[in-house]
Amino acid sequence: MTAVAHIGTEWPQAGIAPACAFQVFGMRRSGNHAIIDWLMRNAPERASGGVFYNNCRYGKNPLRAYGSLDIYDAGHRVLPHKDIGDTARLADAGSAPMVVVSYEDRMPLAAGRPQKASQGFTDGDFTRKILIYRSFLNWSASLLAKIKRNDGYGATDRLRIMMLAFATYIRGLDRVTEVQGIVPVCYDDWMTSESYRADRLSALGLPLRDLDRGKVQRYGGGSSFQTRVKDVEDLQSTSRDAQMADDPEYKLLLWTAAHDLRFMKRLIPHFEDDAERLATLAESSRLHLTLPPRKATS
């Protein structure tokens, strides 16, 4: 299969006619940037370079409403940022680059519904929608660890953010089951299996040029746990739950999720081992909290 984007009326505004174009969705701390960089290294041969619109604003035109912009050359290498303006930087990607438009903490709409993420674009302007996701226990551990590094958040702030993120995460798993129009990529499997990486490239119609996991990405501060690690082989990204196992807030979050039967039922088809461990937690763990009595008043 060949990945070909149906070029609409918006791409020419950026002066490009993409060789292929992907919308990418997923929660933060799911290996998004490592996977996107890998996709860029496997761009079609006809691609003149690569353009990565990072962290775009949902519902806005991604050509203008993006968090940052990465440019790749014809050799599939990311170029150093230049202080020359984004229009000039785009020229380095050539006239027919591979394009990735990413949305963080957002999920694609259900199958059959027209896309609303990229204003001014239709589904036909994108070759595929990609949904990047990660096992629940590792993802939640990584997100909480990242949030705890922000001194501006207290415990109640963190719990509120995490609970909202849980709702979006589980909607993402619902989308994974809808094969039509979406290519899911599980970060845990991507990290541990070369054959899985090859399978995902084939599903996207991309060449199997580079099955390596690449360099550690520095987006979002890099790893929530190993801030100075340089080699992907040294990352312990599939055991983050163990590294957070003694954290009181993590325990409380897992205890709460384990007692949400609707959440658990939606988790089981995707990460059965995580669900089984949470079920054991719910059966064996009890919260021993007693609210002190009110002081006597006259």
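Scroll up for the structure.
Now for a look at the structure at hand.

Here is what the cut-offs are and how they apply
- Residues numbered from 1 in each chain as written.
- Predicted model: local features only at pLDDT ≥ 70, side-chain atom pairs only at ≥ 80, totals over all residues.
- Heavy atoms only, no water.
- Core = buried A, V, L, I, M, F, W, Y, C linked by side-chain atoms within 4.5 Å.
- Buried < 20%, exposed > 50% of the residue type's maximum accessible area, 1.4 Å probe, protein only.
- Contact = heavy atoms within 4.5 Å.
- Pairing = 2+ DSSP bridges.
- Helix = DSSP H or I, 4+ residues; strand = E, 2+ residues; numbered from the N terminus.
- Axes fitted to C-alpha atoms, helices over the stretch in contact; angles between N-to-C directions.
- Salt bridge = Lys/Arg side-chain N within 4 Å of Asp/Glu carboxyl O.
- Expected span 1.5 Å × (residues − 1).
- Parallel < 35°, antiparallel > 145°, perpendicular 65-115°, else oblique.
- Patch = residues over 30% accessible without salt bridge, like charges linked within 9 Å, V, L, I, M, F, W, Y side chains within 5 Å.
- Areas by Shrake-Rupley, 256 points an atom, 1.4 Å probe, with all protein chains shown as cover.
- Left-handed = near helix turned anticlockwise from the far one by under 90°.
- Phe/Tyr/Trp six-rings, centres within 6.5 Å; stacked < 30°, edge-to-face > 60°.
- Lys NZ or Arg CZ within 6 Å of the ring centre and 35° of its normal.

**A short note on the nonpolar core**
Generally speaking, a soluble globular protein has its nonpolar side chains buried in company with each other.
Here comes step 1: Among the nonpolar cores identified, the biggest contains 62 residues, and L39, M98, F136, W190 and L267 are the most heavily contacted of them.
Here comes step 2: Residue contacts for W190: discarding those within four places in its chain leaves A34, I35, W38, V185, Y196, R197 and R213.
Here comes step 3: Counting 19 residues, the second-largest nonpolar core is a separate cluster that includes A14, A21, F25 and F121.

**Quick notes on the sheet that holds strand 4 (residues 98-104)**
Here comes step 1: If you walk across this open sheet you meet the six strands as 3-2-4-1-5-6, and the pairing is mixed. In this open sheet, the two edge strands, each paired with only one partner strand, are strand 3 (68-72) and strand 6 (182-186). Strand after strand, the sheet turns through a mean of 20 degrees between neighbouring axes, direction not considered.
Here comes step 2: Direction of pairing for strand 2 (residues 50-54) relative to strand 4: parallel, over a ladder of four bridges.

**Focus on the pattern of salt bridges**
Here comes step 1: Going through the model one piece at a time under the given rule, you end up with 16 salt bridges.
Here comes step 2: A salt bridge links D73 to R77; the nearest nitrogen and oxygen atoms lie 3.2 Å apart.
Here comes step 3: Judged by its relative accessible area of 53%, R77 falls in the exposed class.
Here comes step 4: Across the salt bridge formed by D199 and R200, the nearest N and O atoms sit 2.6 Å from each other.

**Here we look at helix 4 (residues 155-176)**
Here comes step 1: For helix 4, with 22 residues, the first-to-last C-alpha span of 31 Å sits near the 32 Å given by 1.5 Å per residue.
Here comes step 2: Looking only at helix 4, the buried set comprises R158, I161, M162, A165, F166, T168, Y169, I170, G172, L173, R175 and V176.
Here comes step 3: Along its buried surface, helix 4 packs onto strand 5 (128-133), helix 3 (136-148), strand 6, helix 8 (248-258) and helix 9 (261-267).

**Some details on the environment of T156**
Here comes step 1: Locating T156 in the fold gives a position in helix 4.
Here comes step 2: For the pair formed by T156 and E249, sequence separation is 93 residues and the distance between their alpha carbons is 9.9 Å.

**Digging into the packing of helix 8 against helix 10 (residues 272-284)**
When two helices pack together, their arrangement is given by the angle between the helix axes and by the axis-to-axis distance.
Here comes step 1: It is at 9 Å that the axes of helix 8 and helix 10 come closest, and there the two elements cross at 95 degrees. On the basis of the axis angle, helix 8 is roughly perpendicular to helix 10. Mapping the contact onto sequence places L254, W255 and A258 in helix 8 and L278, L281 and A282 in helix 10.

**Some details on unusual backbone geometry**
Here comes step 1: Residue H76 is not a glycine yet carries a positive backbone phi of 70 degrees.
Here comes step 2: For H76, the location among the structural elements is in the loop between strand 3 and helix 2 (86-91).
Here comes step 3: Looking at H76, the relative accessible area reads 17%, which means it is buried.
Here comes step 4: Positive phi outside glycine occurs at D105, with the angle close to 60 degrees.
Here comes step 5: Inspection of the secondary structure assignment puts D105 in the loop between strand 4 and strand 5.
Here comes step 6: Exposure remark for D105: the relative accessible area of 24% places this residue in the partly exposed category.

**Quick notes on the side chain of T168**
Here comes step 1: With respect to the secondary-structure elements, T168 resides in helix 4.
Here comes step 2: With residues up to four places along the chain from it excluded, the contact list for T168 reads M27, D105 and M107.

**With respect to a nonpolar patch on the surface**
Here comes step 1: A surface patch of nonpolar side chains, about 300 Å² in accessible area, is lined by L252, L287 and L289.
Here comes step 2: Look at L287 and you get partly exposed, because its relative accessible area is 43%.

**Looking at the side chain of D241**
Here comes step 1: Here D241 shows up in helix 7 (residues 240-243).
Here comes step 2: The exposure class of D241 is buried, given its relative accessible area of 12%.
Here comes step 3: Apart from the residues within four sequence positions on either side, D241 is in contact with L137, N138, A141, Y250 and R277.

**Overview of the packing of helix 4 against helix 8**
Here comes step 1: Taken N-terminus to C-terminus, the directions of helix 4 and helix 8 make an angle of 40 degrees; their axes are 11 Å apart at the nearest point. Note that helix 4 runs across helix 8; the crossing there is right-handed. Here A155, R158, L159, M162, M163 and F166 of helix 4 lie close against helix 8, whose contacting residues are E249, L252, L253, T256 and A257.

**What to know about the packing of aromatic side chains**
Here comes step 1: According to the stated counting rule, one finds 16 aromatic pairs in the structure shown.
Here comes step 2: With a centroid separation of 6.0 Å and an interplanar angle of 75 degrees, the aromatic rings of Y58 and Y103 are classed as edge-to-face. Taken together, the positions of Y58 in the loop between strand 2 and strand 3 and Y103 in strand 4 put the pair 45 residues apart, joining distant regions of the chain.
Here comes step 3: Looking at Y103, the relative accessible area reads 1%, which means it is buried.
Here comes step 4: One aromatic cluster in this structure is built from F136, W139, F166, Y169 and F263.
Here comes step 5: Here the guanidinium or amino end of R106 rests over the ring plane of Y58, the centre of that ring lying 4.3 Å away.
Here comes step 6: For R197, the ring lying beneath its charged end belongs to W190, and the centroid distance is 6.0 Å.

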